[in-house]
Amino acid sequence: MSGPLDWAVVGRALDGQDESGDLHVVAPFEGGVLIGAIDGLGHGADAAIAARAAAEVLTSHPAESLLRLIERCHESLRSTRGAVITLASFDTRRAELTWMGVGNAEAVLLRADASISEAAPLRGGIVGHRLPAFREATVSVAEGDTLVFTTDGIRAGFSRIRSLLGSPGELAESIMLEFGKPSDDAMVIVARYTGVDCR
């Protein structure tokens, strides 16, 4: 994709299910882009309903603070089985990334200069049922830094994929192939920061 992010997503449903409860959001707004990884609890149609409800909230209000977005999702998902959600908002004017998560959808920032990777602050909970005392964090970003989101259908250790060269699509496919679990829905989002200001 053109603009401040070059991104790709790869996902699959658990074998035997018609749809996945894992859903992504990539929503540009003036001065930035919101990315979200949503994992509806469980599998199948009910998980997908919860994920779609969260996605609708996020795409409708992408410029709002992450704290406010999680609160909005919490209210919207009360009648569903709930979801875990991790969000990242790129501010292209300041070259910053603000991120946070409720639950176990991971996000890791792989630095282009091969310095130590950074992980989003996560808090245990279920959006729609039980919100923790959550927080967000802000880090600087530079051209070529790559953000990787994974749901819990991806095994730990995927960040070592940084040793591989390739486009975001190729990296997402590689992570799914090497680290995907057969026992769950799974999704990988890879977003590489281009340094382009989207004002």
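The structure we're discussing is the one just above.
What you see is a predicted model, and the numbers here were worked out from it, not measured in a lab.

**Here's the deal with the environment of Leu58**
1) Next: Summarising the element assignment, Leu58 is placed in helix H1 (residues 44-60).
2) Next: Expressed as a C-alpha distance, the spacing of Leu58 and Arg160, which sit 102 residues apart in the sequence, is 30 Å.
3) Next: Every residue in contact with Leu58, bar those within four places of it in the chain, is listed here: Val25, Leu34, Ile38, Leu69, Cys73 and Leu87.

**Concerning helix H2 (residues 66-76)**
1) Next: All of the buried residues in H2 are Leu66, Leu69, Ile70, Cys73 and His74. Each buried residue of H2 lies within a common arc of 140 degrees when the element is viewed along its axis, so the set occupies one face.
2) Next: Considering only its buried residues, H2 is in contact with strand E3 (32-40), H1, strand E4 (83-91) and strand E5 (96-102).

**Regarding the packing of H1 against H2**
1) Next: Taken N-terminus to C-terminus, the directions of H1 and H2 make an angle of 140 degrees; their axes are 9 Å apart at the nearest point. The pairing of H1 with H2 is recorded here as oblique in orientation. Of the two possible hands of crossing, H1 and H2 adopt the one that is right-handed. Residue-level contacts link Ala53, Ala54, Val57 and Leu58 of H1 to Leu69, Arg72, Cys73 and Ser76 of H2.
2) Next: A breakdown of the residues in the contact of H1 with H2 according to their chemical character gives 6 nonpolar, 1 polar and 1 charged.

**Considering the packing of aromatic side chains**
1) Next: Following the criterion strictly, the structure yields 1 aromatic pair and no others.
2) Next: Ring centres of Phe90 and Tyr193 lie 5.7 Å apart, and the angle between their planes is 10 degrees; this geometry places the pair in the stacked category. On the criterion of sequence distance, the pair formed by Phe90 in strand E4 and Tyr193 in strand E11 (residues 186-193) is long-range, its members being 103 residues apart. You'll find Phe90 and Tyr193 in the same group, each marked buried.

**Observations concerning H1**
1) Next: The first and last C-alpha atoms of H1 sit 24 Å apart over 17 residues, in line with the 24 Å expected at 1.5 Å per residue.
2) Next: Gly44, Ala47, Ala48, Ala50, Ala51, Ala53, Ala54, Ala55, Val57 and Leu58 are the residues of H1 that are buried.
3) Next: Here the buried face of H1 lies against strand E2 (22-29), E3, H2 and E4.

**A few points about the sheet that holds E11**
1) Next: Reading across from one edge, E1-E11-E10-E6-E7 is the order of the 5 strands in this open sheet, with antiparallel pairing throughout. The open sheet has two edge strands, strand E1 (5-12) and strand E7 (118-119), and neither has a second partner.
2) Next: In the sheet, E1 pairs with E11 via 8 bridges, with the strands oriented antiparallel. Within E11, the position partnered with Trp7 by the bridge is Ala191.
3) Next: Those strands touched by helix H3 (residues 168-179) are E1, strand E10 (146-150) and E11, and its axis lies near 150 degrees from that of E11.

**Here's the deal with the environment of Ser76**
1) Next: When you line up the elements, Ser76 lands in helix H2.
2) Next: Along the chain, Ser76 and Ala53 lie 23 residues apart, while their C-alpha atoms are 6.7 Å from each other.
3) Next: The residues contacting Ser76, other than those within four sequence positions of it, are Ala53 and Val57.

**Structural notes on the environment of Pro121**
1) Next: Within the element layout of this structure, Pro121 appears in the loop between E7 and strand E8 (122-123).
2) Next: For the pair Pro121 and Ala107, spaced 14 residues apart in sequence, the C-alpha to C-alpha distance is 8.7 Å.

**Focus on unusual backbone geometry**
1) Next: In this structure, Ala95 takes a positive phi of about 55 degrees despite not being glycine.
2) Next: Here Ala95 is to be found in the loop between E4 and E5.
3) Next: With a relative accessible area of 25%, Ala95 lands in the partly exposed category.

**Observations regarding the pairing of E10**
1) Next: Most of E10 sits out of view: 5 of its 5 residues are buried.
2) Next: Neither face of E10 is left uncovered, since the one carrying Thr146, Val148 and Thr150 and the one carrying Leu147 and Phe149 both have all their residues buried.

Parameters and conventions
- Residues numbered from 1 in each chain as written.
- Predicted model: local features only at pLDDT ≥ 70, side-chain atom pairs only at ≥ 80, totals over all residues.
- Heavy atoms only, no water.
- Helix = DSSP H or I, 4+ residues; strand = E, 2+ residues; numbered from the N terminus.
- Contact = heavy atoms within 4.5 Å.
- Buried < 20%, exposed > 50% of the residue type's maximum accessible area, 1.4 Å probe, protein only.
- Arc of directions from axis to C-beta.
- Axes fitted to C-alpha atoms, helices over the stretch in contact; angles between N-to-C directions.
- Parallel < 35°, antiparallel > 145°, perpendicular 65-115°, else oblique.
- Left-handed = near helix turned anticlockwise from the far one by under 90°.
- Nonpolar A, V, L, I, M, F, W, Y, C, P; charged D, E, K, R; others polar.
- Phe/Tyr/Trp six-rings, centres within 6.5 Å; stacked < 30°, edge-to-face > 60°.
- Expected span 1.5 Å × (residues − 1).
- Pairing = 2+ DSSP bridges.

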